[in-house]
Amino acid sequence: MLGAVPSRYGWIGGEIGFGVYFSMDRGNAFVPAMEMTKWFDTNYHYIVSELVLDVEFSYASHRAVQEYKESKAVSLTRI
């Protein structure tokens, strides 16, 4: 959502597509997936962010805002 995609995935800006997300999560023939680690001593895992000094954060996904607006609209119609 913040555009912090490692350069090896070839993302050059704009909306982050499912191909880039999938490559970051699972890897592909050219680049490995990002590292996963356990949440404390549970069986829940998360992907470790790779932040470098020259990372430029940008608004790269409108999905969360769109879903928020949709849920708000639905809740207003049910009152």
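Located above this text is the structure these notes cover.
Residues numbered from 1 in each chain as written. Predicted model: local features only at pLDDT ≥ 70, side-chain atom pairs only at ≥ 80, totals over all residues. Heavy atoms only, no water.

Teacher, can you tell me more about the overall build of the chain here?
Looking only at helices and strands, the chain features two helices and two strands. In the chain, the order of α-helices and β-strands from amino to carboxyl end is α-β-β-α. In terms of overall dimensions, the chain is more spread out than a globule: its C-alpha atoms have a radius of gyration of 16 Å, far above the 12 Å expected for 79 residues. When each of the 79 residues of the chain is scored for burial, the buried share is 16%. Counted over contacts in the chain with a minimum sequence separation of 6, partners at least 24 positions apart contribute 42%. (Helix = DSSP H or I, 4+ residues; strand = E, 2+ residues; numbered from the N terminus. Rg over C-alpha atoms; globule rule 2.2 N^0.38 Å. Buried < 20%, exposed > 50% of the residue type's maximum accessible area, 1.4 Å probe, protein only. Contact = heavy atoms within 4.5 Å.)

Sorry, what's going on with the pattern of salt bridges here?
Opposite charge on two side chains lets them pair, provided their charged atoms get close. Across all of its chains, the model carries two salt bridges by this definition. Between Glu50 and Arg8 there is a salt bridge whose closest N-O contact spans 2.8 Å. Linking Glu50 in the loop between strand S2 (45–47) and helix H2 (63–77) with Arg8 in the segment before helix H1 (18–26), this pair joins segments that are 42 residues apart in sequence. Since its relative accessible area comes to 27%, Glu50 is described here as partly exposed. Across the pair Arg63 and Glu67 runs a salt bridge whose closest N-O atoms are separated by 3.0 Å. Note that Arg63 and Glu67 are positioned in helix H2 at a spacing of four residues, about one turn of the helix. (Salt bridge = Lys/Arg side-chain N within 4 Å of Asp/Glu carboxyl O.)

Whenever I open this one, H1 confuses me. Can you help?
Of all the positions in H1, only Val20, Ser23 and Met24 are classed as buried. Buried positions in H1, seen along its axis, are confined to an arc of 95° and lie on one side of it. Summarising the geometry of H1, the exposed residues directed more than 90 degrees from the buried face are Phe18, Gly19, Phe22 and Arg26. At the C-terminal side of H1, Gly27 shows a positive phi close to 80°. (Arc of directions from axis to C-beta.)

In this structure, what is going on with the nonpolar core? I would like to understand it.
Considering soluble globular proteins, one finds that nonpolar side chains tend to be buried as a cluster. In this structure, Val5, Tyr9, Ile16, Val20, Met24, Val31, Met34 and Ala60 together form the largest nonpolar core, which totals eight residues. In contact with Met34, not counting residues within four places along its chain, are Pro6, Arg8, Tyr9, Met24, Ile47, Val48, Ser49 and Glu50. (Core = buried A, V, L, I, M, F, W, Y, C linked by side-chain atoms within 4.5 Å.)

Whenever I open this one, a nonpolar patch on the surface confuses me. Can you help?
Together, Met1, Leu2, Leu51, Phe57, Tyr59 and Val65 line one region of the surface with nonpolar side chains, adding up to about 610 Å² of accessible area. Take Phe57: it is sitting in the loop between S2 and H2. (Patch = residues over 30% accessible without salt bridge, like charges linked within 9 Å, V, L, I, M, F, W, Y side chains within 5 Å. Areas by Shrake-Rupley, 256 points an atom, 1.4 Å probe, with all protein chains shown as cover.)

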